[in-house]
Amino acid sequence: MKSAIAFLATLALLVSCDKANTSTTEDDTDMATENAPDWALVIHGGAGTILPENMTPEREADIRAAMSRAIAAGEEVLSNGGSAADAVEATIHILEDSPHFNAGRGAVFTHDGTNALDASFMTGHDRQAGAVAGVTNIKNPISLARAVLDHSEHVMLSGQGAEDFAINRGMDTISADWFYTESRYQSLQRVLEREAEGNSSTGTILNPDQKYGTVGCVALDQQGNIAAGTSTGGMTNKRFDRIGDSPVIGAGTFADNVSCGVSCTGHGEYFIRWAVAHDVHARMSYGGASLEEAANAVIHEVLPEVGGSGGLIALDRAGNIAMPFNTPGMYRGYKRAGEEEYIEFYGE
Ligand code: ASP
């Protein structure tokens, strides 16, 4: 009898300890978010060999203006109490419609001289996700990725099937001319020439300009929810329907309110194999790392060791922002409620 009472007492103690632990964690979270800004938004427009000496003042001003318009579109949603998901979509639309970034209008060319676009979207309050790969006639692939999240039971659709889904949803399609930009076309020609000269040491996809112009956005709304999205044309001269990390949930994009939202840019094959976006989340949620520690470890320790170049943006519920990159530059910017907008291109 005594041992039964002792057993029950121990059990009661264990249960109460467990409750205490749980409530401590919640208190910690509350404390961490107590001083959080009302809302926050961070964007990238790709990483790579972005150097002041390769930039004209006009081009720099144009890119800065496009990024500023994109941030303003997200701010409009968030400051009026809209959702992080709406902010991410509105922000990425502006970047997709600009010819300066490798997404939507400014998408790079495939080996065959076409454009094939990838995008993904994730919401952190419910871990819902949507992605599309290899679409050719959708003006804003980020909206199609979001439609997959909102209106299908699947996470990832590709090619013709994804385009059929868009048409079923009543989305507008656009002709291939929309994606023609002279500079991207010339970039493909340079890669093809190098390839013909036998200078392609890494297969067929590397761009000698070494620029990854993918775009991404992570937002935190006034309800404390996080959303993340990424959109890209992939890599110049890609062939065989190659798909990079951008539409792969856990590689190019991830969001979970318990940790953070992440959007990546870089050499997609590495970002897939090292599950970069999920690794940032995992280091925070299982490893107890801060946002900055987690993001820096992946970009500055893990990837350089294996030759993976690129960067990422990340945002947590406390409004902390990380924007590490291991390339010379990364188009990046952010705005938090009550603060000035920040936009920068180059490394330190
Ligand atoms: N990550 C993209 C890809 O591999 C490229 C980029 O970031 O620009 O498709």
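Here the residue index of a chain counts from 1 through its sequence in written order. Totals for whole chains, interfaces and linings use every residue, but because this is a predicted model, local features are given only for residues with pLDDT of at least 70 and side-chain atom pairs only at 80 or more, for both listing and counting. Only hydrogens and water are removed before side-chain values are computed, so all heavy atoms of the structure are retained for them.

Draft legend 1. Region of interest: the state of the cysteines. When two cysteine sulfur atoms lie within 2.5 Å, the pair is treated as a disulfide. Counted by the stated rule, this structure contains 0 disulfides. Cysteine C260 is unpaired, with the sulfur of C264 as its nearest cysteine sulfur at 9.9 Å. For C260, a relative accessible area of 0% gives the class buried. For the exposure calls, accessible area comes from a 1.4 Å probe over protein chains only, and a residue counts as buried if that area is under 20% of its type's maximum, exposed if over 50%, partly exposed in between. Taking the relative accessible area as the measure of exposure, C264 reaches 0% and is therefore buried.

Draft legend 2. The packing of aromatic side chains, seen in detail. Here a Phe, Tyr or Trp ring, Trp counted by its six-membered ring, pairs with any other such ring whose centre lies within 6.5 Å, and the pair is stacked when the planes are under 30 degrees apart, edge-to-face when over 60, and tilted otherwise. Per the counting criterion, the structure on display carries 8 aromatic pairs. Here the aromatic rings of Y331 and F345 are separated by 4.9 Å at their centres, their planes lie at 85°, and the arrangement is edge-to-face. Residue Y331 is located in strand β12 (residues 329-336), and its partner F345 is located in strand β13 (residues 342-346); the two are separated by 14 residues in the primary sequence. Given a relative accessible area of 0%, F345 falls into the buried group. Each member of the aromatic cluster is reached from another via a ring pair, and the members are F101, Y331, F345 and Y346. Only runs of H or I of at least four residues qualify as helices and only runs of E of at least two qualify as strands under DSSP, and these elements are numbered from the N terminus.

Draft legend 3. Representation of the side chain of R184 in the model. Position of R184 relative to the elements: it lies in helix α6 (residues 182-196). Of the residues examined, R184 reaches a relative accessible area of 18% and is grouped as buried. Those residues within four positions of R184 in sequence are excluded, and the remaining contacts are P99, H100, F101, N102, G106, A107, V108 and F109. By definition in these notes, contact holds between two residues if any of their heavy atoms fall within 4.5 Å.

Draft legend 4. Expanded view of the pattern of salt bridges. When a carboxyl oxygen of Asp or Glu lies within 4 Å of a side-chain nitrogen of Lys or Arg, that pair is called a salt bridge. A complete count under the given rule lists 9 salt bridges for this structure. Note that D86 is salt-bridged to R146, the shortest N-O span being 2.6 Å. Placement of the pair is D86 in helix α3 (residues 84-97) and R146 in helix α4 (residues 141-151), with a sequence separation of 60 residues. Take D86: its relative accessible area is 34%, and that puts it in the partly exposed class. For R146, a relative accessible area of 15% corresponds to the buried category. With a shortest N-O distance of 2.8 Å, R242 and E269 are connected by a salt bridge. Separated by 27 residues along the polypeptide, R242 in the loop between β7 (226-232) and β8 (253-255) and E269 in helix α7 (residues 268-273) bring together distant segments of the chain. Three or more residues joined by partner-sharing salt bridges are found here, namely D86, E89, R146 and D150.

Without other data, these values stay purely geometric and don't point to any function.
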